[in-house]
Structure formats: structure tokens, C-alpha cells
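Spelled out, the chains give:
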Amino acid sequence: MPGYHEFVTQTLGTAIAAVLTALATAVVIVAIAILPFLTPAWVDFDQGWAGSIGATGYTHDELRTVTESILADLVVGPPDFDVVVRGEPVLNDRERAHMRDVRSVFAGFAILALVSAVGLVAAYAGARRLGHPERAWAAIRRGALGLSIGVVAGGVAAYFAFDTLFELFHRLFFPGGTYNFNPATDRLVQLFPDAFWSETTMAVGALILLISLVVARVAGERSHPATERRPTSGAVAAEPAR
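Everything numeric here is computed off the predicted structure, so don't read it as measured data.

About the thresholds
Residues numbered from 1 in each chain as written. Predicted model: local features only at pLDDT ≥ 70, side-chain atom pairs only at ≥ 80, totals over all residues. Heavy atoms only, no water. pLDDT = per-residue confidence, 0-100. Contact = heavy atoms within 4.5 Å. Helix = DSSP H or I, 4+ residues; strand = E, 2+ residues; numbered from the N terminus. Expected span 1.5 Å × (residues − 1). Bend = angle between axes of the 7 residues up to and from the residue. Buried < 20%, exposed > 50% of the residue type's maximum accessible area, 1.4 Å probe, protein only. Polar contact = N/O pair within 3.5 Å; in protein donor to acceptor, adjacent residues only side chain to side chain.

Undergrad: Please give an account of the confidence of the model for the protein chain that cites residues and values.
TA: For the protein chain, the average pLDDT comes to 87, and 88% of its residues sit at 70 or higher. Here residues 227–242 is modelled with pLDDT under 50, and outside its nearest four sequence neighbours on either side it reaches 0 contacts, counting other chains as well.

Here it is as C-alpha cells:
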């Protein structure tokens, strides 16, 4: 039955495209939400809240110099992480190696986000070319709503077990034993203590949730097939002459 098989193939293809579009939407939203927290302004603010000056013994200017250098190496590169303060390297060999691992994870996610963004544009263009842009918007809406639900669930879990989830995250992305540091002696965890990460995680989650809800709202309004415009309330239909 050629017609049946063609129908099944088209239906399956549409379903796969919808799932991929939803996933790409989630990835792009997360990537956009992370960007503001890679800026010196945010890091400086949160380090002040987390007490990094007291932990490191640096002045505020020294702390800004260190974190700006680390952020530049992380985001732009090269990943040397060799900033020096008072004639001494800030990070030791283990800390620099871990930061290079972190940069590799960031680079991988950046590539995924770029591919996802291109995929979203292609999915919308394809749906529009086929005369059904509302299908792409519906998939985008599902991706945004799914992400928002995931963020809320993750936020509840983090509230009760942040340390456990933080450890699980590191086990998934980094070799065992490479991410454990001593707060009494290792600058990396003095610069970015647990309080810094808990605060930043909550802020990122809140921004992801906000963006997801906005995207879901906009996509929801555009996910219905276009209808014919009705006459405005002020318009009066002409009656045939008698």
C-alpha cells in the first residue's frame, strides 16, 4: 500500500522534526540564559556576596583582575589560566587542568547551541516553505514549556540536594578526582566557593524559566493556522439595492 507507507513516513518525519525542534529550542534558551553570567559584572557581584575577598585575601581590584583573566581564558582563550598576583601564580597545575576541562565542556555546549540555532532556523524555514509555519511554532512552544517544567523540577531538587546534584554534574562531565579542591589552600574554590555556585545556579534557573515562559507565550500565539481577517467592528457590509 504505497499510500499508507507514504503517510506513515511523512507522519514519522513530522514527529521527529517536532522533537528535534523542541530539543533545539531548549538548548538555545539555556545558552542565551547562561551568557549574562559569564560577564565580569555578574561574577564580581556574586563573589562579593559569596565572600571571595575574605577567602582569598586579595583586594577588590586584585580579585577583579584575577576573575577577568580567568573569564577571558575560559570564553575567548587561549586556555592558559596563568594569571599572576603579587608575583605568584593564582592557580596551581591541578586547578589549571580543571579549568581547561571546564573550557572543553563549554566549547562542546557552544557548538551544540550553534547547531541547535541553525537547526531552528532551518526547521522554521522548512515548515514555512511547506505552508505550515504553525507546526514549527507548536514544536518551539513544547520545547520551551518542557524546559520550564524541567527547570522547576530541577530547582526543587536542588533546594533539597544541591551538593548531591553538583557532585553528579561533575561526575558526568569531568574525570574523577580532578575537581576536588581544598578551600583552605586552593584558590579556585576560594575564588568561586559553594555559595557562589548556589547563587549563580538559582539566578540562571530563574532566567531560563523567564525566557522559556516568554517564548512559550509568543510561540503559542503563532502556533494556530492563520485565519481570514474579519471585518472590523466599524465596517458595515453593503446591502444590495432593492
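Undergrad: Describe helix H6 (residues 133–173), naming the residues involved and giving the relevant values.
TA: Between the first and last C-alpha of H6 there are merely 37 Å, a value that for 41 residues lags more than 12% behind the 60 Å anticipated at 1.5 Å per step. For H6, the principal kink sits at Ala-161 and spans about 110°.

Undergrad: Got a sec to walk through the side chain of Thr-67? Specific residues and values, please.
TA: The topology assignment puts Thr-67 in helix H4 (residues 60–75). Overall, the relative accessible area of 4% leaves Thr-67 in the buried class. A distance of 3.0 Å separates a polar side-chain atom of Thr-67 from the backbone oxygen of Leu-63. Here Arg-64 takes part through its backbone oxygen, which lies 3.2 Å from a polar atom of the side chain of Thr-67. With residues near it in sequence (within four places) discarded, Thr-67 still touches Val-43, Gln-47 and Phe-192.

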